[in-house]
Amino acid sequence: MRQEGNRQESRGDRGLAGPAGMSGPAPVCGSDRRDDNGTSTGVVVKAKPKTKKPSMYKVLMLNDDYTPMEFVVHILERFFQKSREEATRIMMHVHRRGVGVCGVYTYEVAETKVTQVMDFARRHQHPLQCTMEKE
Ligand code: TYC
C-alpha cells in the first residue's frame, strides 16, 4: 500500500495551498503535474516579450515648377543616402507624378529629415516642399 501518497492529490486540489502549515510544494504553473514520485513535471512557459514594432512614416517630396532638378537630386543624396542613380530616379518620379517617397523611418527620424530638407531648401531660396505621412 502507498503510505506516502500525495495528500493534496487525494484531496483533489493539486497545487492549491491549503490551511496554514498544510500546503505542499508550490506549483510551477497552472498546468503543474506530479509524477509517481510526487515530482513536479509542470511545463515551463517562456514569458512573451511585450515589445511592439514602432509605427513607420514615409517622407514625401512634392513637385514644384521652380526648384532645380539638380538641387533635388543633391537633397536625396545628402539627406536620404541615395546613390546618384536612385536620387535621379526618385526626382524624375516626383517631377512627373507630383509626389514621391524619399524613405521610410520612425517618427522622430522622419520629422528630422523633413526639417533638414525644408531648412536647406529655404536657405537656398527654393520653394521645395517635404512632408511625412504614417505608412
Ligand atoms: N519640377 C522641377 C523642375 O522642372 C523639378 C523638381 C523635381 C522639383 C522634384 C521638385 O520635388 C521636386 N525644375
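Structure shown above.
Conventions adopted
- Residues numbered from 1 in each chain as written.
- Predicted model: local features only at pLDDT ≥ 70, side-chain atom pairs only at ≥ 80, totals over all residues.
- Heavy atoms only, no water.
- Helix = DSSP H or I, 4+ residues; strand = E, 2+ residues; numbered from the N terminus.
- Buried < 20%, exposed > 50% of the residue type's maximum accessible area, 1.4 Å probe, protein only.
- Near = heavy atom within 4 Å.
- Polar contact = N/O pair within 3.5 Å; in protein donor to acceptor, adjacent residues only side chain to side chain.
- Areas by Shrake-Rupley, 256 points an atom, 1.4 Å probe, with all protein chains shown as cover.
- 1 Å grid on protein atoms, 1.4 Å probe; cavity = no way out; pocket = protein on both sides within 12 Å on 5 of 7 lines; lining within 4 Å.
- Sits in = over half its atoms within 2 Å of the grid points.

### Some thoughts on unusual backbone geometry
Step number 1: Of note, the phi angle at Q81 is positive, near 55 degrees, even though the residue is not glycine.
Step number 2: Looking at where Q81 falls in the secondary structure, it is placed in the loop between α2 (69-80) and α3 (84-97).
Step number 3: Unusually for a residue other than glycine, Q125 sits at a positive phi of about 60 degrees.
Step number 4: Considering the arrangement of structural elements, one finds Q125 in the loop between α4 (107-123) and β3 (129-134).
Step number 5: On the basis of relative accessibility, which here comes to 72%, the residue Q125 falls in the exposed class.

### Focus: the site of the ligand
Step number 1: The ligand sits among M61, L62, N63, D64, T67, M69, V72, M91, V94, H95 and L128.
Step number 2: D64 has a polar backbone atom sitting 2.7 Å from a nitrogen atom of the ligand.
Step number 3: Contact distances for the ligand include 2.9 Å between a nitrogen atom and a backbone N or O atom of T67.
Step number 4: In isolation the ligand exposes 340 Å². Once the protein is present, 89% of that is buried.
Step number 5: If you map the ligand onto the pockets, it falls in the largest pocket.
Step number 6: Taken together, the elements giving at least two residues each to the shell around the ligand come down to β1 (56-62), α2 and α3.

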